[in-house]
Each structure stands twice: as C-alpha cells, then as structure tokens.
Amino acid sequence: MLSRTVKNTLFASALRIALFISLAILIFLIGAILLEGFKALSPSFIVSEARDFGAAGGIRYQLLGSLILIIVAAVLVVPFALGTALYRSEYVTSEKLGRCIDLTIFSLNGIPSITYGLFGLIVFVNILGMGVSWLIGSILLAIMILPTVTVSTHQAMRAIPNIYRESALALGLTRAEMVRKVILPQSLHGLVTGLLIGLARAIGETAPIMFVATAFSGVTWPQSIYEPVSTLPTHILALAQQATNPDALRNAWGASLSLIIIVMILSGLAFIARRKLEPQRSM
Amino acid sequence: MNQISLNPRLRTDITFPKWNGLKSYAVGSALFSSTIIMLILGTLLIQSHPALFANDLNLLSEVWDPAGGQYGIIPMIFGTLIIMSIAMIIALPLGVLSAIYIAETRSDRLKHILKSSLEVLAGIPSIVYGLIGVAYLSIWVAEGFELQTGRVILTAGLLLALMILPTIMTLSEDAISSVPRAYRENAASLGLYHYEIIKDIVLPAAKADIAGAALLALGRALGETMAVMLVIGSLDRLPSPLFNVLASSQTITSKLGREIAESAFGSTHFSVLVLMSLILVAFTLILTIAAQKLFTKDPHNA
Amino acid sequence: MFSRPIKLTLGTWTLTAALTLLSACSSPSTISVSGSSTVLPVVSRAAQAYSDTTGQRIIVNSGGSGVGFNQLAESKSDIGMMSRDITDKEKAQYPDSQFTPVAIGIDAVIPVVSSEIYEAGVTALSLADIAAVYKGEVDNWSTFGGPDKEILVIDKEASRGTRHTFMKAVMGSSTAKAAGADLVLGANNEEQTAMAQSDAAIGMISLAWMNDDVRGLSIKDGASLIDPNLKTIADGNYPIARELIIVIRDDISSEAQKFVDYILSPEGQTFVETSGYIKINP
Amino acid sequence: MPKPELKLVGVETQTSAVSLKGFQAWFGETCVVQDMTLELPANGVTCIVGPSGSGKSTLLRGLNRINEDISGYAMKGQVLIQDSCAKDGFKDITELRAKVGMVFQRPCVFPCSIKDNVLFGVKNKRLSKLERAALVEESLKSAALWKEVAHRLDSPASTLSLGQQQRLCIARTLAVKPDILLLDEPTASVDPTSARALETLIKNLKDDYTIIMVTHDIRQTRRIADNVLFLCDGQVIEMGSTDHMFSKTAKPKTKTYLSEEFCDC
C-alpha cells in the first residue's frame, strides 16, 4: 500500500497531467482553427461567390443564407417563447402544471439535432409538400432554440420581485397593463440574452437543415420561401468531404473561422445584453 | 370591475371575470410550445410504424442490406455504444481531473483564462469538429496505428471526447467550486492531504452534479451527427473482432445523416431509419431528464 | 425607460415578418436540379454559364442518383441528375408519372488504387480479380504481385450511381453486396480523399476524379489490356462505362427544357469535357 | 503609528507554544496583520480579542496556515510552533495541521454518521477496528458529547443540535491528537446554553491542550481566558494575563475596549 504522501504526490501529478492534456487540446483546437482559418480569410473571401464547387471564391451566399436562417428563426421563436414564459410566470396556477410545461419544453433540448432534420423532412417536405426550402430550416432552428429562449425569459420574469406586481396592481392597473408595463420591460434582458445564445447555437447547426433547407450550388438570395439557401455549416460539410484538395480545405477552414467568429459575436452580444439591459434593482 | 387581490403571491386568490387577449396569447403559446415535442414524437412513431410491425425485416440481425430486404440495426446500435464508451472513458477522467485543478487553483487569472477558453470551445459548431477530425485526427490515427484508413471507431470516439470535454469540464468545475469552503477548511484542519480532502469530502459532495454533467455530455455525444459522420467510415457491420476499435463502423446518427435523403419517403427503408431515430430520441431523452433530476437535487444538504 | 427597446424589438419583428411574407409572394421561376455528384460538375458549370448569359436562376444540389430521382418524382425539382438507369422499383413507386432520361455525356467508372500500389507494379487487374477483392476473397496486394499489404477496400453508399455501374460490370448485379468492404463513403470527392490518405486502397471512382494520388487500373481482358482513357471509353471498349443522365418529367417547364437543350448544344457540351467526361455528340 | 511594545505584562515565565517573528499577512494589497512578533504561552486559554477587522481571525488562521488556500493571501515572517518553524519544521503542512487543530465559528459536520465524523481525520491512517472504536469513545468523552450520542453513533451528524455539532467538531479535532487547539469564535453561532456548555468544555480541555481562541464576547473572555491578546488594526495593542488586562493598570485603549465602551482605534 502506498503511503499517504506518495498518494498525494501521485494525485497532484495526475491533476497536472490532466490539465496539461486538456490545455494541449484546447490550444490545438483554437490554434488550428485560427491558423488555418486566417490563411483563407480576407475581405474578398467574405464578399465573393463560391466558384468551382467551393474550392475557389468565397462564402458570400453561404454567409447570407446562414444569416437569413437565423434571423427568421429569431422572428419565429420570439412570440412563442415570450408567450410561454409569460404563461409560466404569470398565469400558471398549479405548480404541477408548471412543471409539466417545463418538462415538455426541456425535452426539446434533449432531442438530437438530426431528428429535427428528419422531422422536417417528413412533415414539411413530404407531408406538406413544401420541397427543400429555407423557411423549413428557419422553423426547425426556431423549434430547436425555443427551450433556451423560453427558459431565459422565464428566469428573468421570475426574478422580478413580487412587490413590483403588488405595487402595480395596487395602483389600479389591470393585470394586462401590469404585464405590459412591468413584467415585459423588466424581463426584456432575459429574452434578448436567451435569443442571442440560442442563435449562436442555431447558426452552427448542420444536421437539422441539411436535408430540408440547403442546396449545394447556384444559390443566391432566395426569391421565394420555397427556395433552398446555402449555409456556412453545409458548405463546410461539402468542403470537408474533399479534404485532400488543398484549395477546398483552405476554404473550409476559412468558412469555419467565419462561422466561429459569428458565434463569438452573438455570444458576446448576449453577454453585453445581460449586463446592459438587466434592470438595476435596489432591493 | 376586476376583483384584484393586493397579494399576488397567492395567485389563486385573483379572479378574473373574463379572458383578456394577453392571457389567451400566453396560454396559446404555452400550449403550442409544449405540444411540439408530442408532434415530433408522434410523427416519428407513425412513420416508424411499418418497420415496427413488419415481421420479415430481421431488425435485430447484424446484416444491413436494404436492396436485399435485410434491415439489421444491431451494427449501428453497437457502433453508437462503443463510440460513446470510448468518448466517456477518455473525457470523463480527463475532464473531472482538470476541473478539480481549475476549481482548486489559487490563481484567479488562470481560472478566468481557462473558463473563458472553455466557453469558446463549447461554442464551436460540430461541423468544425468534423473538419478537424478529417483534416487532423483521422490522419494521425491512421499514421499512429499504421492503418489504411483513419476513419475508424477510435477516431470517432476521440473526436467525441474532444467535443464533450468542455461540457464535462465546465459543469464539473461548477460542481466542485460550489462545495462549501468550510468543508475543505475543516478537513484541512484535521491534517488531511489535498488528495484526501478531494477524495473524502469534495468529490462525495459534488458527486450528484458531476454525474449530471456526465449524463448531459453523454446525451450530447449520443445525438452528435456531423463530426461522427465524417470520420466513422460508415461500414454497416459489426467490427471483427467485436472490440476492434481500429475498424470502421456506423452509428445511428451517421446512418441517418448519410441515408435519410437517399431512401424514398414511405418505403420500408425510410421507416426503419425513422425507427432508429426514435430509439435515439428515447435514449437521449432519458439521459437528459435523468441529468436534470440529478442537478435539481442539492447535494450539500445531504 | 424600457419602452424604447421594446418598441425597437417589436418594430424589427414586424418588419422582418413583413419581409418574409413579401418574399413569399414573389413567384418561383427558378430551375432546381438535384442528384448524382458525378453529373453535378457538368450541370453546375453549365448552369453557371447559362445563368450568366440569360439571368435564369438555377439551383444545383447534390445527394446522389437516388435523391435526384426522388426529388424529381416528388416534383421537388425540375431535373434529376443520375449516373445510372432508373430502376424498376423506382418506376413502380410513381406509376402515374412519365420520366424521360436524357444522356448528356459518357463516363467510365475506374477501379482505382493508391499511387503507392500502382507504383509497386499493380497496374492492371481483371474484372474477376476486382470482384474477388470486393467479395473479400483476396485481402492482400501480394496476391497480385504487389507489396505485402492488406487491401483497404472502399465501397460506396448503396444508392450511388457510380456503385451501380461498377457492381453491374464487376459482380454482375448493380446491388451486389461487397462483403470485403472496409469503408463505405459517399460522393466522389470523399472517396478520392480517403484514397489519397491511404497507401493500399482500392476503390471506384468516376473518370474525372483520377489524379496523381488516385491511379486508374487497366482492365485485363484475356491477354489484352484496356487502359482507362478517353479513347477507350469513347469507342466503347472500356467495360465499366455508363451514360451521364439527366431525367425530366413530362410536365417539364419551358425554362427547364431550354436549359436541357442548352446542355445538349455544342456550347453546353464543352462543360462535359471541362468536367473530365466524354461528349455525347462528338 | 508607533511600533507596539510587546511586554507580556503579568504573565509568569512559561514555555511558549507559538511564537511569531515579524509575521505579516496580506490579502491582495491590504495588509491585514502588520509585522507581529510575540510569543503565546503553552497550555491555558489565550483569547484574542479586538474589534471587527482587527486581524484576529487572520492571525489565528495564520497559525495552521489554513489561509494559504485562499487566493490573494500572502504572508511574511516566521511562525514557530513549539520551536519548529511552521513552514519548514514539519514534514509537510498536513503534519502541522494535525498538531494544530482548528474549530471554526460555524459548526461544520460532514454529511456522514457521527462516528465517521469523529474518525474523519484518521480515515486514511491504518487503525484496527478496536482502536477506532476506542478513539471514537475517547474523543467524544473529551468533548463531553459521549453521553448524548453513545447510543446513536451511526445516525447522521446533521441530526444533532448546533451546540452538539460544535462539540462534535471539537471531538473530531481531538481525535487527531493535536497539541494546540485554535478556536475561531466557537460559541458565536450556538444558543447561550450550548455556549455555556462549550465554555465549560474549553476550561476542562485547557490542562491538556494549548487553546488559542478568537472571541467577540468580552464577558466570555473574562470567564475563561488565562491570557488575553488585544489587537487593533492588525497590530498588537497589548497582551497580558486576564487579571492584568481587566485591571486599571492596562493601557487606556485596552481598558476602553474591554469595558465594552466605544473604541476608536
């Protein structure tokens, strides 16, 4: 049996080795993405169209396509998330019902992203006959981020002290007015933060949209809701499959870095929104 | 007039004479949001129905050959399980040990740098991990083991380990940091070594949350498609020998990713794919809900 | 204090919602094409040139021959790209529709090996040899006088046209199972990548994807050798050849028909050559 | 501010348990304990008193170096425990802490049984079952808890009252067999009756252990202390026997503080 000191020393070294490996992984991942990405990234890469199946040119319409998908997803998710959070926070009378709603919405978080793609393919593409369309992609992404946005909004509403509600009602406001004038403004930061975090996740998703919303080439600004778009993640997928073509690989890294930069911007905005919009309560 | 109670804390006291627009809107949204999951599960159930009730598909065989009417899903389930096991065997000890280091370090700067880098890593889309797998990892594995191809079980397992490492580290670190300082100080005052403090009091107190973190990570690994799909080799066959991690394989997700678009809607082939997806959803839902249950328990009042 | 952000949010929301609706109203006059990654380069290049001159929008999507037919049959696309014939099973699923295949070029599926194997002396195999490899009966290059290395057998996803053509010529059935396969991949690009990364692989690839890393084998036919090149394929000697096909429905739109005509025109056919295939109208 | 004179007024010559030489402690940029050189006598109870923020706890926690796990903490100078340097004189910091036990303000029992709590410090030492049982009984008896818990050693420690929990913490510390006991306001979070019981316990323990205790309670100091160390703003104002410190000969500042009047120091 090892003495206590030896065990302690061994454990300390195990911790250091583990951290060293994790750090090495961390540095490798970030380093690889940055180094490889910056080789391809340039202003002209961002604004020019993809040529020669992505191996030449840039990511103009991929970038636009990704942005369209998440902006419309945001538009679709906001009313439902807000309404659900409102109901959960202000109208639910039994705790049991509340927990039930929580469970059904949380469960959405656990569903594998590929399943959303399959669901979209069955319902929208085949049963509703919408064909491959970017709107389906937005709908699926909106469903995916619904839990994130709802929970964040609900938490903000729950954090509003009851005295605010009491005072508003005591002033003679109706409940609807109270919600509009007190609850909504005081929980806006939760909505915005949750939305931005959700979008940061949505823009990187490939599996839900690759069968139902995207196309490989010839895609420009969509002219109807029944058209596919091209997105950054699916573009990276197509390029990753031809990884021995150095030009394709370079552009894949460029597209990856662009994607990650957008994710970082969205997360950064979420951080700022949380700090700037959160009401300062003296109590 | 509205009867307004002055104490909204007791919400059941408040009676409303009629529904107003705002309430209908809130109720409607909540109803809609909570039925989506039913809609998804229902769709999957209906579509997998033909596969579930057909007799001659040999679903539990190990041969996948849609052209020959053979729909054995065992290779995919085995591939999924073995890749998850590899990922967990690597990521769990590594993640928890690193988390202990980060939680116990006295350097606030190191802690800050590490935690923010982890947030960055957790935000990297899975397709980018896939690119890293194709461009680096699979080549390293092929060279390291002198294989003909790096698209094997081990590569996929390693890549998944990389992907869930940030999750495990962040959540375990939170769990370990939230163990009260008093526990550590009391234990330290008894003359316990750092190792003993961690083993005897910190880890037992953080156990439930770490288990929750592991389950959550497992759920994510299970549902991961893009990265795995690019490095798994997509061979619908059990490896031989069974635990040969240097053979190509197939997971449920990679199977779905590669074949959904190719199977005709309504065909038996499609139905079996939907069934696989349903199995996947069932697994991940169980894991996610179990993780939530673990997190809500407060380990410090035990 | 918060009324402004709220108004702003609501405003943005309404605006975007309106824009969405607006874009929904405009009529779709876009041609959409999907299917085989073998045919895709030809159509994609032709589409780029065609839309540059006419302004017609053409969206080209990959996915394989199976997807190409499906999308077309479900009226989700105007043109399907296939590198094999429509199977009877596929036809039976849509008894009410008529599909017309149009050949736009000729392609050969080449059995390819990693450059290391080719340089070690394995430059030609008979169809029976290749079949033995794919059936798993032979698993070492030394059998064919090559280095003592295990063969990495690369197969393709079952619905891929390239595989149908290859298996029909080599094994006798387009849906034959390859018991010896070590790796199953999809598009030609992906297979090319895997081949190049290995040093003992055999695979099947379209003519256009051969390069210095991925070398085409000659086919042994008795005593004679048939090299994989444009000449042997054009004159029909190369045994694993096929037509590149686009499939259209009877109710094809006039815009899509014009594009099909363009591909078949002399100008359109140049893209068949730039993509590495052989013209249909020499 | 003038450097404090360190005369041990009224203290008979004793062997010292702890001596500090130029001890300083910082949290970040703030100096919490300023250049302290003094000797704390062996055996008996030494109470450290002073207003909040005067550095009492920091000083106490410096003695078994428990502060060093807090980020931003730094110390200078020497702490000698029974003539061996707290830094180098022991095999490692663990041995030091085993010699210098500490009980904190809030009773902190571990989430396990009463018995396991007592044995927590010796968990990793090789002891027979009999030795363990004997140690549990001995420690609990020394901490005056044996009678109350003898019949339920296996029930969770969290079922005890706060006062009992604090005595359990003392028992747990005694089980490691320390020479010195550091008590950081041990009676502050328990009810008055339990506090009295703890005081009695401390008085009984002082023959066998050197007890150094931080307290806010002046009356308690008077009841149980043998010596008193009075700190203000991280500096020693005066140190001496209890009789001296509460007499008229004490320094004016000491007198003011100990008479529980407003102290502006």
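Preceding block: the structure.
Quick caveat, the model's predicted, so the values are computed rather than measured. (Residues numbered from 1 in each chain as written. Chains lettered and ligands numbered in written order. Predicted model: local features only at pLDDT ≥ 70, side-chain atom pairs only at ≥ 80, totals over all residues. Heavy atoms only, no water.)

Engineer: Help me out: how do you make sense of the overall build of chain D in this one?
Structural biologist: Within chain D, the regular secondary structure consists of 10 helices and 11 strands. Put simply, 68% of the contacts in chain D that link residues at least 6 apart link residues at least 24 apart. Surface accessibility of chain D: about 11800 Å² in total, with carbon and sulfur atoms responsible for 50%. (Helix = DSSP H or I, 4+ residues; strand = E, 2+ residues; numbered from the N terminus. Contact = heavy atoms within 4.5 Å. Areas by Shrake-Rupley, 256 points an atom, 1.4 Å probe, with all protein chains shown as cover.)

Engineer: Which parts of the structure should I look at to understand the interface of chain A and chain B?
Structural biologist: The figure often quoted for interface size is the accessible area lost as the parts come together. Contacts between the two partners involve 83 residues from chain A, matched on the other side by 84 residues from chain B. The tally of links from chain A across to chain B stands at one salt bridge. In this structure, Arg4(A) and Glu196(B) form a salt bridge, with 2.7 Å as the shortest nitrogen-oxygen distance. Counting every contact that joins chain A to chain B gives 12 residue pairs in polar contact (both at pLDDT 80 or more). (Salt bridge = Lys/Arg side-chain N within 4 Å of Asp/Glu carboxyl O. Polar contact = N/O pair within 3.5 Å; in protein donor to acceptor, adjacent residues only side chain to side chain.)

Engineer: Explain unusual backbone geometry to me, please; I cannot follow it from the model alone.
Structural biologist: The phi angle of most residues is negative, glycine excepted, and most peptide bonds adopt the trans form. Residue and element names in this part refer to chain D. Phi at Asn 43 takes a positive value of approximately 55°, unusual for a residue other than glycine. Among the structural elements, Asn 43 can be located in the loop between strand 3 (30-41) and strand 4 (45-49). One non-glycine residue, Asp 233, adopts positive backbone phi at about 50°. Within the secondary structure, Asp 233 is located in the loop between strand 10 (227-232) and strand 11 (235-241).

Engineer: Looking at this model, I keep getting lost on helix 5 (residues 113-127) of chain A. Mind explaining?
Structural biologist: Helical geometry: 3.6 residues make up each α-helical turn, so side chains three or four residues apart lie on a common side. Between its first and last C-alpha atoms helix 5 of chain A spans 20 Å; for 15 residues at 1.5 Å apiece the expected length is 21 Å, and the two agree. The principal kink in helix 5 of chain A, of about 30°, is found at Leu121(A). (Expected span 1.5 Å × (residues − 1). Bend = angle between axes of the 7 residues up to and from the residue.)

Engineer: Just checking my understanding: could you explain empty space enclosed by the protein for this structure?
Structural biologist: Empty pockets left among the atoms are what a rolling probe the size of a water molecule brings to light. Residues and elements named next belong to chain B. The tally for this structure, following the rule as stated, stands at seven cavities of 30 Å³ or more. In terms of lining, the largest cavity is formed by Thr 80, Ile 83, Met 84, Leu 160, Ala 221, Leu 222, Glu 224, Val 228, Thr 251 and Thr 253. Top element by residues in the lining of the largest cavity is helix 2 (residues 74-104). It accounts for three residues. Grouping the amino acids of the lining of the largest cavity by side-chain chemistry returns six nonpolar, three polar and one charged. (1 Å grid on protein atoms, 1.4 Å probe; cavity = no way out; pocket = protein on both sides within 12 Å on 5 of 7 lines; lining within 4 Å. Points joined across faces, edges and corners; volume = space filled by probe spheres on them. Nonpolar A, V, L, I, M, F, W, Y, C, P; charged D, E, K, R; others polar.)

Engineer: Whenever I open this one, the side chain of Glu90(A) confuses me. Can you help?
Structural biologist: Residues and elements named next belong to chain A. Turning to its location among the elements, Glu 90 is positioned in helix 3 (residues 60-91). The exposure class assigned to Glu 90 is buried, which follows from its relative accessible area of 2%. In this structure the side chain of Glu 90 is engaged in a polar contact, spanning 2.5 Å, whose partner is the side chain of Ser 89. (Buried < 20%, exposed > 50% of the residue type's maximum accessible area, 1.4 Å probe, protein only.)

Engineer: I would appreciate a short explanation of the packing of aromatic side chains in the present structure.
Structural biologist: A ring pair, where both rings are aromatic, is described by two values, the distance of the centres and the angle of the planes. Under the defined criterion, the tally for this structure stands at 19 aromatic pairs over all chains. Consider the rings of Phe69(C) and Tyr94(C), whose centres lie 6.1 Å apart with planes at 65°: the pair is edge-to-face. Of this pair, Phe69(C) sits in helix 3 (residues 65-73) while Tyr94(C) sits in the loop between helix 4 (88-93) and strand 4 (99-114), and the two are 25 residues apart along the sequence. Accessibility classification places Phe69(C) together with Tyr94(C) in one group, the buried group. Consider the rings of Tyr134(C) and Phe166(C), whose centres lie 5.4 Å apart with planes at 65°: the pair is edge-to-face. Of the two residues, Tyr134(C) sits in helix 6 (residues 127-135) while Phe166(C) sits in helix 7 (residues 161-170), which places them 32 residues apart along the sequence. Ring pairs connect the aromatic residues Phe28(A), Trp253(A), Tyr136(B) and Trp140(B), which therefore count as one cluster. Positioned above the aromatic ring of Tyr91(A) is the side chain of Arg175(A), whose terminal nitrogen or guanidinium carbon lies 5.8 Å from the ring centre. One residue, Arg172(D), lies across the ring of Phe110(D), its end atom 4.4 Å from the ring centre. (Phe/Tyr/Trp six-rings, centres within 6.5 Å; stacked < 30°, edge-to-face > 60°. Lys NZ or Arg CZ within 6 Å of the ring centre and 35° of its normal.)

Engineer: I keep staring at the interface of chain C and chain B and nothing clicks. Help me out?
Structural biologist: Contacts between the two partners involve 29 residues from chain C, matched on the other side by 22 residues from chain B. Across the chain C/chain B interface, buried area totals approximately 1900 Å², and carbon plus sulfur atoms make up 44% of it. Our count for the contact surface shared by chain C and chain B stands at three salt bridges. Note that Arg258(B) is salt-bridged to Glu190(C), the shortest N-O span being 2.6 Å. Of all the elements in the fold, those that place two or more residues in the side of chain C that touches chain B are helix 3, strand 7 (183-185) and helix 8 (188-197) of chain C. Here the side of chain C that touches chain B gets four residues from one element, more than from any other, and that element is helix 8 of chain C. (Buried area = accessible area lost by both parts, 1.4 Å probe.)

Engineer: I would appreciate a short explanation of the environment of Ala282(B) in the present structure.
Structural biologist: Inspection of the secondary structure puts Ala282(B) in helix 10 (residues 268-296). Measuring from C-alpha to C-alpha, the distance between Ala282(B) and Ala99(B) comes to 30 Å, with 183 residues separating the pair along the chain.

Engineer: Would you explain a nonpolar patch on the surface in this entry?
Structural biologist: Residue and element names in this part refer to chain A. On the surface, Ile 261, Ile 265, Leu 269, Phe 271 and Ile 272 cluster together into a nonpolar patch covering about 450 Å² of accessible area. Its location among the elements puts Ile 272 in helix 10 (residues 246-277). With relative accessibility at 45%, the residue Ile 272 sits in the partly exposed group. (Patch = residues over 30% accessible without salt bridge, like charges linked within 9 Å, V, L, I, M, F, W, Y side chains within 5 Å.)

Engineer: Would you mind showing me how to read the pattern of salt bridges here?
Structural biologist: Once their charged atoms are close, side chains differing in charge can pair, the charge on each being opposite to the other. Scanning the model with the defined rule gives 34 salt bridges over all chains in all. Residue Arg88(A) pairs with Glu95(A) through a salt bridge whose shortest N-O separation is 3.8 Å. Exposure remark for Arg88(A): the relative accessible area of 11% places this residue in the buried category. What makes Glu95(A) partly exposed here is its relative accessible area of 46%. For Glu199(D), the salt bridge is made with Arg223(D), and the minimal N-O distance between the two is 2.7 Å. Here Glu199(D), found in helix 7 (residues 192-205), pairs with Arg223(D), found in helix 8 (residues 218-224); they are 24 residues apart in sequence, far enough to count as distant. Each of Arg151(B), Arg258(B), Glu157(C) and Glu190(C) takes part in a single network of salt bridges with overlapping partners.

Engineer: Teacher, can you tell me more about the pairing of strand 3 of chain D here?
Structural biologist: Regular strands show a simple pattern: their side chains alternate between the two faces of the sheet. Note: strand 2 (residues 16-27) of chain D against strand 3 of chain D, eight bridges, orientation antiparallel. Following the sheet pairing, Leu20(D) is matched in strand 3 of chain D by Leu38(D). (Pairing = 2+ DSSP bridges.)

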